[in-house]
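Coordinates in review
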Amino acid sequence: MNNDTHLRVLGISGSLRKSSFNSGLLRAAQELAPERMEITIFDIKTLPFYDGDVEAQGDPGSVAALKSAVRDSDGVLFATPEYNWGTSGALKNAIDWASRDQGQGSLMGKPATIIGAGGRAGTARAQMQLLETLGETGSVVMVKPGVMVQAFSPMRFDADGSLIDEDTKDLLRRHLDEFAKWITRLVQPGDFARYACEMDVETSGV
Ligand SMILES: Cc1cc2nc3c(=O)[nH]c(=O)nc-3n(C[C@H](O)[C@H](O)[C@H](O)COP(=O)(O)O)c2cc1C
């Protein structure tokens, strides 16, 4: 990959509500991303709860769609709300499903980053929790520069949940610029996946 490569980024919002600030952040990201980055948003609303019995029968359509969207992407941009100091159950559930894909291009070795908008802590605690979860999936998460948006006072989103604050747009633009470089630097995520899987086998003594 070089600095001209077209980058396909998958955006996933952890909030299901229509006027969500986090979904608004992703829409803003689509506009503010560097020219070579294309962000497609995947809606997790129709995913069932993870259930090993359902999985054993074969992935439901929405789950298969999520896995292939992750596989087809060069990186994943997670926008998380903060619910009781953690990420949303809906987003954790989506990641649990996606983490069950062991194929090439799965979350293992996938460049990822987290942004979020919420209350006074700007989703910092939810982002920390999500970072731990993504660590176990093998995603290679970019933490800096970071986008932790205090959505209220002053209101940084309009009634539809669209981002209206120019300083926040600058922050997001900068984060996406860095994410493009991050993805480009991780030249062979597939190699990382193979290495990480071997490491898993070695450490579990199988
Ligand atoms: C169940 C629940 C728990 C929440 N817990 C927190 C919290 O721990 N910290 C916080 O800053 N905001 C909390 N909030 C407020 C959310 O951050 C706020 O509703 C935010 O707008 C949700 O994101 P969204 O606009 O993308 O839906 C909570 C909201 C809900 C519904």
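Moving on to the overall build of the chain. Counting its regular elements, the chain contains seven helices and five strands. Secondary structure elements of the chain occur, N-terminal to C-terminal, as β-α-β-α-α-β-α-β-α-β-α-α. Expected size for 206 residues packed as a compact globule is a radius of gyration near 17 Å; at 17 Å, the chain falls within 12% of this value. Each principal axis of the C-alpha distribution contributes one length, and for the chain these read about 55 × 40 × 30 Å. Out of the 206 residues in the chain, the part that is buried amounts to 41%.

A separate point is the site of the ligand. Residues in close proximity to the ligand total 15 residues, the closest being Ser15, Ser20, Pro81, Gly118 and Gly119. Taken together, the residues that form the shell around the ligand break down as six nonpolar, six polar and three charged.

What follows deals with helix 5 (residues 124–137). With 14 residues, helix 5 ought to run about 20 Å at 1.5 Å a step, and its terminal C-alpha atoms sit 20 Å apart, in line with that. Residues of helix 5 that are buried include every one of Ala126, Gln127, Leu130, Leu134 and Thr137, and no others. The buried residues of helix 5 all sit within an arc of 90° when viewed along its axis, so they share a single face. In helix 5, the exposed residues that point more than 90 degrees away from the buried face are Glu132, Gly135 and Glu136. Buried residues belonging to helix 5 abut strand 3 (75–79), helix 4 (89–98), strand 4 (111–118) and strand 5 (140–150). Phi turns positive, to about 85°, at glycine 138, one or two residues after helix 5.

In this section: the sheet that holds strand 1 (residues 7–13). Taking strand neighbours across the sheet as the criterion, the five strands line up as 2-1-3-4-5 in an open arrangement whose pairing is parallel. Each edge of the open sheet is held by one strand with a lone partner, namely strand 2 (37–42) and strand 5. Going across the sheet, the axis of each strand differs from the next one's by a mean of 20°, ignoring polarity. Set on the sheet, helix 5 makes contact with strand 3, strand 4 and strand 5; between it and strand 4 the angle comes to about 160°.

This part is about the packing of helix 3 (residues 61–71) against helix 4. Two numbers describe how helix 3 lies on helix 4: the axes approach to 9 Å, and their chain directions differ by 75°. Between helix 3 and helix 4, the interaxial angle falls into the category roughly perpendicular. Contact residues: helix 3 offers Val63, Leu66, Lys67 and Val70, while helix 4 offers Ala94, Trp97 and Ala98. Of the residues belonging to the contact of helix 3 with helix 4, the class tally is six nonpolar, no polar and one charged.

So, about the packing of helix 1 (residues 21–32) against helix 6 (residues 166–185). For the pair helix 1 and helix 6, the least separation of the axes is 10 Å and the interaxial angle reads 65°. By the criterion of interaxial angle, the relationship of helix 1 to helix 6 is roughly perpendicular. For the pair helix 1 and helix 6, the sense of crossing is right-handed. In this structure, helix 1 uses Leu25, Ala28, Ala29 and Leu32 to contact helix 6, whose residues at the interface are Lys169, Leu172, Arg173 and Leu176. Looking at the contact of helix 1 with helix 6, its residues break down into six nonpolar, no polar and two charged.

Quick notes on the rules
Residues numbered from 1 in each chain as written. Predicted model: local features only at pLDDT ≥ 70, side-chain atom pairs only at ≥ 80, totals over all residues. Helix = DSSP H or I, 4+ residues; strand = E, 2+ residues; numbered from the N terminus. Rg over C-alpha atoms; globule rule 2.2 N^0.38 Å. Buried ≥ 20, exposed ≤ 12 C-beta atoms within 10 Å, placed from the backbone. Near = placed C-beta within 6 Å. Nonpolar A, V, L, I, M, F, W, Y, C, P; charged D, E, K, R; others polar. Expected span 1.5 Å × (residues − 1). Arc of directions from axis to C-beta. Contact = placed C-beta atoms within 7 Å. Pairing = 2+ DSSP bridges. Axes fitted to C-alpha atoms, helices over the stretch in contact; angles between N-to-C directions. Parallel < 35°, antiparallel > 145°, perpendicular 65-115°, else oblique. Left-handed = near helix turned anticlockwise from the far one by under 90°.

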